[in-house]
Amino acid sequence: MKAVLCKSYGPPENLTFEEIDDPKPNASEVLIDVYAAGLNFPDTLQIEGKYQFQPPFPFTPGSEVGGIVAEVGASVTNVKPGDRVLAMAGVGGMAERVVAPEAGVERIPDSMDMKTASGFGMIYGTSYHALKQRADIQPGETLLVLGASGGVGLAAIEIGKAFGARVIAAASTDEKLQVAKNAGADDLINYSDDVLKEKVKDLTNQNGADVIYDPVGGDMFDQSIRCINWKGRLLVVGFASGRIPSLPANLALLKGCQIVGVFWGAFRGREPEVHAQNTRDLFDLYSQGKLKPLVKDCFPLAQYADALNIFIQRKAVGKVVLEVRKE
Ligand SMILES: NC(=O)c1ccc[n+]([C@@H]2O[C@H](COP(=O)([O-])OP(=O)(O)OC[C@H]3O[C@@H](n4cnc5c(N)ncnc54)[C@H](OP(=O)(O)O)[C@@H]3O)[C@@H](O)[C@H]2O)c1
C-alpha cells in the first residue's frame, strides 16, 4: 500500500511517500481501508518531535480516518468487515490502510460521508468533553472561544450553542470570524485589532466570560484570565500560538475561577464509558443537524505536505483532510 513515512524529525517536506506492506491487525485490532484521513494540528508537532506521544521511526503520521472495515482481530466484537466507521488510530492514518484498536473504532451514521467522518472524532470529542465534563457549561452562560475558526474552535462554537450558551468567537481575521459566525457564534472579536480582555468585558456588562475555551495559549491566555467571570472556568486545551503560558496564581484567587486542563486522549483511555456516551450524544446532535462539520480543504494523499503546511501557516479553517479513495 501507499503510505506517508516519517523517518526523522522535520517539516512536512521531510516526509516520504512510499510503497510499504499492509499492516496486520492483532486480536483486539481492526484493519481499515482508508477513504479519508483527517489531519490535526498535533500531526505537525509529531513530525517535528514536539508532541507528548512520539512513535518510533519510521512511522506514518495521521491519528484519525474515515473508512470501511476490511478485517477484524479474533476478539473484536463491536464492528465487522464492511462497516462504515471512523477510527482513532493514534498513528498510521496517512496511508491506504491502517490498524486501529477496537476501542477507537465507531460505526458512523448513514448520513455521514467519509471526509466528514475522518475529521469528526478528535475535534468534536475534545470540545464536547471540555464543555460537558470539564466546564459543566450551563444554558445562558457566556462561552468565549479562542482560535474560533480552527478545528476544535469551530466544534466548540456548535457544541456551546447546542448546550444553550451565548458564544463569543475570537479569531485573528475577519474572514475567520465570518466562518465562526456561520457556525452560530453570537458575537465576534478580532483579536488582531482589539484588546481581547476589554472587548470581552464590553460584551458581558464588565463581568467577563463564564467559560473560556483556549486552544491558543500564549498572549491570549494571559488576557483571558483577566476577562473571566467570578467562578469562571478557563479550559486549557492547547498552545497553537507556540507559547505555554504561566499563571500568576493571585489572578485565580481574585477571580474565584478554575483553570481546568483538557486532555481528550487520556480521558478516552481512563473513562471509556463516559467517552462512549459522549460519542453517542455527538452522533445524535449530528443526525439532528445541530453539528455541521466544515471540511474546507481536501487534498489527494500524495499532497500531504501542502495539507500539513496549512496548519503551520496558520491558515487552517475547519478541517483539513486527505482523500485516499473515492467513495
Ligand atoms: N487538549 C486536547 O485534548 C486537544 C485535542 C485536540 C487538539 N488540541 C490542541 O488544540 C490546538 C488547536 O488544534 P486544531 O486542530 O483546532 O488546530 P487549528 O485548526 O490549526 O486551529 C488552531 C487555531 O489557533 C490559532 N493560532 C494562534 N496562533 C497560531 C499559530 N502561531 N499557528 C497556528 N495557529 C495559531 C489560529 O486561529 P487565529 O489565527 O484565529 O488565532 C487557529 O485557527 C492545538 O494546540 C492542538 O494540539 C488539544
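Residues numbered from 1 in each chain as written. Predicted model: local features only at pLDDT ≥ 70, side-chain atom pairs only at ≥ 80, totals over all residues. Heavy atoms only, no water.

Here's the deal with the domain arrangement of the chain
Splitting the chain by domain gives domain 1 (2-120 + 295-323) and domain 2 (123-265). Each of domain 1 and domain 2 has a C-alpha centre, and the two are 28 Å apart. With 11 residues of domain 1 at the interface, the matching set in domain 2 holds 14 residues. At the boundary of domain 1 with domain 2, total buried surface from both sides reaches about 910 Å², with 63% on carbon and sulfur atoms. Looking at the side of domain 1 facing domain 2, the largest losses of area belong to Phe120, Arg314 and Val317, adding up to 46% of the total buried there. The interface formed by domain 1 and domain 2 includes 0 salt bridges. The interface formed by domain 1 and domain 2 includes 3 residue pairs in polar contact (both at pLDDT 80 or more). In terms of residue class, the side of domain 1 that touches domain 2 is made up of 5 nonpolar, 4 polar and 2 charged. (Domains from an automatic or database assignment. Contact = heavy atoms within 4.5 Å. Buried area = accessible area lost by both parts, 1.4 Å probe. Salt bridge = Lys/Arg side-chain N within 4 Å of Asp/Glu carboxyl O. Polar contact = N/O pair within 3.5 Å; in protein donor to acceptor, adjacent residues only side chain to side chain. Nonpolar A, V, L, I, M, F, W, Y, C, P; charged D, E, K, R; others polar.)

Regarding the packing of helix α3 (residues 121-134) against helix α10 (residues 272-287)
Close contact between α3 and α10 brings their axes to 10 Å; oriented N to C, the two are set at 110°. In terms of orientation, α3 lies roughly perpendicular with respect to α10. For the pair formed by α3 and α10, the contact residues are Tyr124, Gly125, Tyr128, His129, Lys132 and Gln133 on the first element and Val274, Asn278, Asp281, Leu282 and Leu285 on the second. Considering only residue class, the contact of α3 with α10 consists of 5 nonpolar, 4 polar and 2 charged. (Axes fitted to C-alpha atoms, helices over the stretch in contact; angles between N-to-C directions. Helix = DSSP H or I, 4+ residues; strand = E, 2+ residues; numbered from the N terminus. Parallel < 35°, antiparallel > 145°, perpendicular 65-115°, else oblique.)

Considering the nonpolar core
Membership of the largest hydrophobic core comes to 35 residues, with the highest contact counts inside it found for Phe120, Leu131, Leu143, Ile157 and Leu235. Taken domain by domain, this core gets at least three of its residues from each of domain 1 (2-120 + 295-323) and domain 2 (123-265). For Ile157, the residues in contact, after removing those within four places along its chain, are Val145, Ala148, Val167, Ala169, Ala180, Ala183, Gly184 and Ala185. Membership of the second largest hydrophobic core comes to 33 residues, among which are Val34, Ala37, Val79 and Val85. (Core = buried A, V, L, I, M, F, W, Y, C linked by side-chain atoms within 4.5 Å. Buried < 20%, exposed > 50% of the residue type's maximum accessible area, 1.4 Å probe, protein only.)

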